[in-house]
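# Secondary and tertiary structure notes
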Amino acid sequence: ASHAVRSGECADAVGMAVALKLTPLNTLGAAAAGMVTADGRCKTFDARANGYARSEGANALMVRPSGATAAVVLSGRAVRQDGRSASLTAPNGSAQRTLLMAALGRAALTPAETSSVEAHGTGTGLGDPTETGALVGVYGSVDRAAPLALGAAKGNVGHSEASSGLVGLLKLGHLLRRTLWPGNAQLRVVNPLVCERLGAASGRFMLPTHVAPVTGSMASGVSSFGFSGTIAHIILRHDS
């Protein structure tokens, strides 16, 4: 939609994503593979992370040319393939780092010029630490005015799969207008493996459990990683 508007194919566009669970087969398959949580909660970044909760979603947003009425601007985007990894459910941290740097480059931003990241954050014991490690690899070695806030909407609404990326995008656009970052809904005790990935860079990141103000640059990123291995990251900024 963004490319179509920027290239003049249309004056404006609607981006939509819908995910409905109309039959039980995929849920039964995911449960049999040990991928879903038994308690129906995505516990992103939490020590209790034990799988993801499947949910439904139907979302839409309007995409207009830069300078139109919207105050949130898409600054850069990147789409890549996760590449070779240990298994279907084992993400590739190196591919994620390359993705993040590509999106920042297209936005003409440095890692120090972003204030927050809406993570893919499924709430799995392997996925969350791997994503954290990729974020540390990109954002963990730079000095910034305030810690980089991390969160994921899946802690609130579950994992709507094909529409989950747009859920994160809509959440981030809403937050950028208000310079606030909500607490991670299911976060009680940070996953020890996430703490391990943060390591000496832990002071440069914030995993809030309550609403916290976001200071500094009003540019933020949102990640969405697909089941087929497609990984995407978008940089948004707020034009006041």
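Residues numbered from 1 in each chain as written. Predicted model: local features only at pLDDT ≥ 70, side-chain atom pairs only at ≥ 80, totals over all residues. Heavy atoms only, no water.

Where burial is concerned, the two faces of strand E5 (residues 148-151) agree: the one with Leu148 and Leu150 and the one with Ala149 and Gly151 are both buried. Pairing geometry for strand E4 (residues 116-118) and E5, over three bridges, is parallel. For Ser116, the partnering residue across the bridge sits in E5 and is Ala149. Sheet topology places E5 next to strand E7 (residues 205-206); two bridges connect them, and they run parallel. Directly across from Ala149, in E7, lies its bridge partner Met206. (Buried < 20%, exposed > 50% of the residue type's maximum accessible area, 1.4 Å probe, protein only. Helix = DSSP H or I, 4+ residues; strand = E, 2+ residues; numbered from the N terminus. Pairing = 2+ DSSP bridges.)

So, on to the pairing of strand E10 (residues 230-238). In the sheet, strand E3 (residues 72-81) pairs with E10 via nine bridges, with the strands oriented antiparallel. In the sheet register, Gln81 faces E10, and the bridge partner there is Thr230. Pairing of strand E9 (residues 219-225) with E10, which is carried by seven bridges, proceeds in the antiparallel orientation. From the neighbouring strand, Gly221 faces E10, where its bridge partner is Ile235.

Packing of helix H3 (residues 93-106) against helix H4 (residues 127-139) brings their axes to within 8 Å, and their N-to-C directions diverge by 45°. The angle between H3 and H4 falls in the class oblique. When the axes of H3 and H4 are compared, the crossing they make is right-handed. For the pair H3 and H4, contact is made by Gly93, Gln96, Arg97, Leu100, Met101 and Leu104 and by Thr130, Glu131, Ala134, Leu135, Gly137, Val138 and Tyr139, respectively. When the residues that make up the contact of H3 with H4 are grouped by side-chain class, the tally is seven nonpolar, four polar and two charged. (Axes fitted to C-alpha atoms, helices over the stretch in contact; angles between N-to-C directions. Parallel < 35°, antiparallel > 145°, perpendicular 65-115°, else oblique. Left-handed = near helix turned anticlockwise from the far one by under 90°. Contact = heavy atoms within 4.5 Å. Nonpolar A, V, L, I, M, F, W, Y, C, P; charged D, E, K, R; others polar.)

Glycine aside, residues mostly have negative phi, and peptide bonds are mostly found in the trans state. Here the phi dihedral of Ala108 falls at roughly 60°; this positive angle occurs in a residue that is not glycine. Among the structural elements, Ala108 can be located in the loop between H3 and E4. With a phi angle near 55°, Glu161 is a residue other than glycine that sits in the positive phi range. Relative to the helices and strands, Glu161 resides in the loop between helix H5 (154-157) and helix H6 (164-176).

Looking now at the environment of Gly40. Structurally, Gly40 is set in the loop between helix H2 (25-32) and strand E2 (57-63). Given the relative accessible area of 37%, Gly40 is considered partly exposed. Spatially, the C-alpha atoms of Gly40 and Ala103 are 32 Å apart, while their sequence positions differ by 63 residues.

The subject of this paragraph is the nonpolar core. Core analysis: the largest hydrophobic core is formed by 25 residues, its most contacted members being Phe45, Leu135, Tyr139, Leu150, Phe205 and Leu207. Only H3, H4, E5, helix H7 (192-198) and E10 provide two or more residues apiece to this core. No other element matches H3, which puts five residues into this core. Not counting residues within four places of it along the chain, the set of residues in contact with Leu150 comprises Phe45, Val117, Leu135, Trp181, Asn184, Phe205, Met206, Leu207 and Pro208. Residues Ala17, Leu169, Leu176 and Val214 belong to the second largest nonpolar core, which totals 13 residues. (Core = buried A, V, L, I, M, F, W, Y, C linked by side-chain atoms within 4.5 Å.)

Further remarks concern the environment of Ser224. Counting through the fold element by element, Ser224 comes out in strand E9. C-alpha separation for the pair Ser224 and Leu61, spaced 163 residues apart in sequence, amounts to 16 Å.

Moving on, we come to H4. Given 3.6 residues per turn, any residue in an α-helix points the same way as the ones three and four places further on. Here H4 is 13 residues long and its end C-alpha atoms lie 18 Å apart, about the 18 Å a rise of 1.5 Å per residue gives. Buried residues dominate H4, accounting for eleven of its 13 residues. For H4, the complete set of buried residues consists of Gly127, Asp128, Pro129, Thr130, Glu131, Thr132, Ala134, Leu135, Val136, Val138 and Tyr139. (Expected span 1.5 Å × (residues − 1).)

These values are about where atoms sit, not about what they do.
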